[in-house]
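Understanding the architecture of this molecule
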Amino acid sequence: MSSGILNEIKTLIWKEVTLEWRQKYALSGMLLYVISTVFVCYLSFNLRRNQLTPIVWNTLFWIIILFTAVNAIAKSFSQERYGRLLYYYSLCSPQSIIISKIIYNSLIMLLLSGMGFVFYSFVMGNAIGDMGLFILCLFLAAIGFASVLTLVAGIASKADNSATLMAVLSFPIILPMLLMTIKLAKNAMDGLDWSVSTDEISTLLSIDLIVITLSYLLFPYLWRS
Amino acid sequence: MRKIWWKILCIVIIFYVIIMGLMGPVPHLAIINESIRNTYFHVALWLAMTTLLFVSMIFSIRYLNKGRIGDDDIASELAKSAIFFGILGCLTGSIWANYTWGDPWPNDPKLNGAAVGILIYLAYLLLRSSFEDEQRKARISSVYNIFAFAVFIPIIYILPRLTDSLHPGSGGNSTFGSYDFDNDIRKVFYPAIIGYILLGLWLAELRIRIKVINRVRDEASITSDKVF
């Protein structure tokens with residue numbers, strides 16, 4: 001049974017990757033979105049670059065990542081056609097669909113936030129004290145954002161005005177995660193000892209776990225409608 | 001449903017809370033002074049709100065399990081009265097903060113968390129209003145309601161404790177109860193919570209009845225249309 005689900009998940013992820021690869025405009029569009037947003041920020045701050053304090057640097061980066069995540073994941077359900085959804089419905093269990101979507105979106109978010117970070121530190125300067133901790137933070141945030149937004153995208157795609165709804169539903173829910181991430185990233189920038197950040201890391205991990213479990217439990221009900 | 005005793009109890013308790021809350025004896029503490037009476041309103045309102053939201057989530061779970069539309073009505077109306085209490089809680093808290101902390105909206109994690117919590121539930125109402133089909137609306141908003149409660153609790157009760165907050169129970173401050181809760185306060189505080197919960201149930205019950213009546217009337221008009 002469990003190996004069956006694992007197989008389904010693997011196939012579904014593979015299908016997502018293939019689809020994405022065939023229509024390259026989606027992923028490259030998102031990459032371009034990150035890069036142009038970063039560039040807009042760079043040009044807007046250009047005049048006063050020396051006034052870009054670490055706090056502003058950090059906050060700006062995470063807000064860019066947040067908007068990228070919302071835009072990238074919003075389409076994960078709405079791009080599927082109705083007939084194709086029915087086809088999945090008859091083929092595989094809802095659990096494997098949500099898990100595969102979460103994993104796939106996490107991968108996309110890892111890619112996007114990684115690229116975003118590289119480009120951001122390239123143009124805006126890089127003042128990070130502890131690179132390992134910052135990468136861990138990126139990793140946790142990418143997974144967390146992806147898992148929250150996947151379920152919300154599933155909810156919003158059922159409604160008519162899904163673009164507005166996506167933002168309204170996800171921003172307040174994602175806020176605790178965003179605040180924790182910003183705090184953890186600030187610790188990483190200041191190069192504090194890891195023991196200082198264990199609180200934040202464990203909170204982020206537990207929020208991720210809660211969200212993934214809830215998505216796993218709740219998605220079947222969403223899927224049926 | 002037609003039982004009236006709990007409504008009378010609710011009125012009696014609310015009046016008891018208002019009279020004893022404003023006139024009863026309270027401990028005298030520095031800075032807080034007489035504003036400690038706000039405990040009966042502000043703190044009790046938040047606890048009542050959390051209870052109502054919890055019950056609302058239970059009904060959402062029940063709806064998902066059993067699929068009866070009535071459970072969803074109850075869940076949504078309970079959430080609405082909880083939002084009403086939340087806004088009242090914010091207002092009373094802001095009056096209190098104005099006199100003790102010197103600012104109606106100090107930059108405090110708990111306040112911001114509360115604002116975010118209310119935003120989450122306003123989004124729930126928006127989500128509900130964006131569906132036409134009843135069953136679909138009920139199912140999807142139930143899913144969101146459960147999800148929202150699971151996020152709401154950390155925002156209000158866990159995250160502020162990790163950071164520095166002006167509220168008791170955060171950032172190394174001890175919780176209530178431990179040092180300034182004497183028996184005079186308890187005598188009014190616990191009834192206050194029960195009174196507000198009953199009031200919230202009453203509000204919700206009235207609106208549920210309106211909903212049920214409207215639904216029956218709609219169905220009646222549809223069937224009569226078919227006849228003619």
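Not measured: the values here are computed from a predicted model.

**Here's the deal with the UniProt feature "transmembrane region" (unreviewed entry) in chain A**
Residues and elements named next belong to chain A.
- As recorded in UniProt, the feature "transmembrane region" (unreviewed entry) lies at residues 25-43, 55-77, 97-120, 132-156, 162-182 and 203-223.
- With 100% helix and 0% strand, residues 132-156 has its two end C-alpha atoms placed 35 Å apart.
- Between the C-alpha atoms that bound residues 162-182 there is a distance of 28 Å. The span itself is 100% helix and 0% strand.

**Focus: the interface of chain B and chain A**
- Contacts between the two partners involve 23 residues from chain B and, on the opposite side, 26 residues from chain A.
- The contact between chain B and chain A buries some 2400 Å² in all, and 81% of this surface belongs to carbon and sulfur atoms.
- When residues of chain B are sorted by the area they lose upon contact with chain A, R139, V143 and F147 of chain B head the list and together hold 25% of the total.
- Put simply, chain B and chain A have zero salt bridges between them.
- Counting across the interface, chain B meets chain A through one residue pair in polar contact (both at pLDDT 80 or more).
- Counting only elements with at least two residues in the side of chain B that touches chain A, the list comes to α2 (42-66), α4 (109-129) and α5 (134-162) of chain B.
- With 12 residues, the single largest contributor to the side of chain B that touches chain A is α5 of chain B.
- Counted by class, the side of chain B that touches chain A contains 18 nonpolar, three polar and two charged residues.

**Quick word on the packing of α2 of chain B against helix α3 (residues 69-100) of chain B**
Residue and element names in this part refer to chain B.
- The geometry of α2 relative to α3 is characterised by a closest axis approach of 8 Å and an angle of 160° between their N-to-C directions. Judged on the interaxial angle alone, α3 and α2 are roughly antiparallel. Crossing angle aside, the handedness with which α2 passes α3 is left-handed.
- Here the residues of the contact of α2 with α3 are counted per class, giving 20 nonpolar, eight polar and three charged.

**Let's talk about the side chain of N145 of chain B**
All names here are of chain B.
- Within the secondary structure, N145 is located in helix α5.
- Its relative accessible area of 0% is what places N145 among the buried residues.
- Once residues lying within four places of it in the same chain are set aside, the contact partners of N145 are S56, M57, S60, A75, Y121 and Y124.

**Details of the UniProt feature "transmembrane region" (unreviewed entry) in chain B**
All names here are of chain B.
- Sequence positions flagged by UniProt for "transmembrane region" (unreviewed entry) are, in local numbering, residues 5-23, 43-61, 82-99, 111-131, 143-160 and 188-208.
- Taken end to end, residues 43-61 is 100% helix and 0% strand, and its two terminal C-alpha atoms sit 27 Å from one another.
- The span residues 111-131 is 90% helical and 0% strand by assignment, and the distance between its end C-alpha atoms comes to 32 Å.

**So, a nonpolar patch on the surface**
All names here are of chain B.
- A cluster of nonpolar side chains, I11, F15, I18, I19, L22 and M23, forms an exposed patch at the surface whose accessible area comes to about 620 Å².
- By the element assignment, I11 lies in helix α1 (residues 5-23).
- Assessed through its relative accessible area of 38%, I11 is described here as partly exposed.

**Re the packing of helix α5 (residues 94-124) of chain A against helix α8 (residues 198-224) of chain A**
Residue and element names in this part refer to chain A.
- The interhelical angle for the contact between α5 and α8, taken along N-to-C directions, is 120°, at an axis separation of 8 Å. Viewed along their axes, α5 and α8 form a crossing whose handedness is right-handed. In this structure, α5 uses P94, Q95, I97, I98, I99 and I102 to contact α8, whose residues at the interface are S215, Y216, F219, P220 and W223.
- Looking at the contact of α5 with α8 residue by residue, the class counts come to nine nonpolar, two polar and no charged.

Calculation criteria
- Residues numbered from 1 in each chain as written.
- Chains lettered and ligands numbered in written order.
- Predicted model: local features only at pLDDT ≥ 70, side-chain atom pairs only at ≥ 80, totals over all residues.
- Heavy atoms only, no water.
- UniProt positions renumbered as here; feature names shortened; annotations may be inferred.
- Helix = DSSP H or I, 4+ residues; strand = E, 2+ residues; numbered from the N terminus.
- Contact = heavy atoms within 4.5 Å.
- Buried area = accessible area lost by both parts, 1.4 Å probe.
- Salt bridge = Lys/Arg side-chain N within 4 Å of Asp/Glu carboxyl O.
- Polar contact = N/O pair within 3.5 Å; in protein donor to acceptor, adjacent residues only side chain to side chain.
- Nonpolar A, V, L, I, M, F, W, Y, C, P; charged D, E, K, R; others polar.
- Axes fitted to C-alpha atoms, helices over the stretch in contact; angles between N-to-C directions.
- Parallel < 35°, antiparallel > 145°, perpendicular 65-115°, else oblique.
- Left-handed = near helix turned anticlockwise from the far one by under 90°.
- Buried < 20%, exposed > 50% of the residue type's maximum accessible area, 1.4 Å probe, protein only.
- Patch = residues over 30% accessible without salt bridge, like charges linked within 9 Å, V, L, I, M, F, W, Y side chains within 5 Å.
- Areas by Shrake-Rupley, 256 points an atom, 1.4 Å probe, with all protein chains shown as cover.

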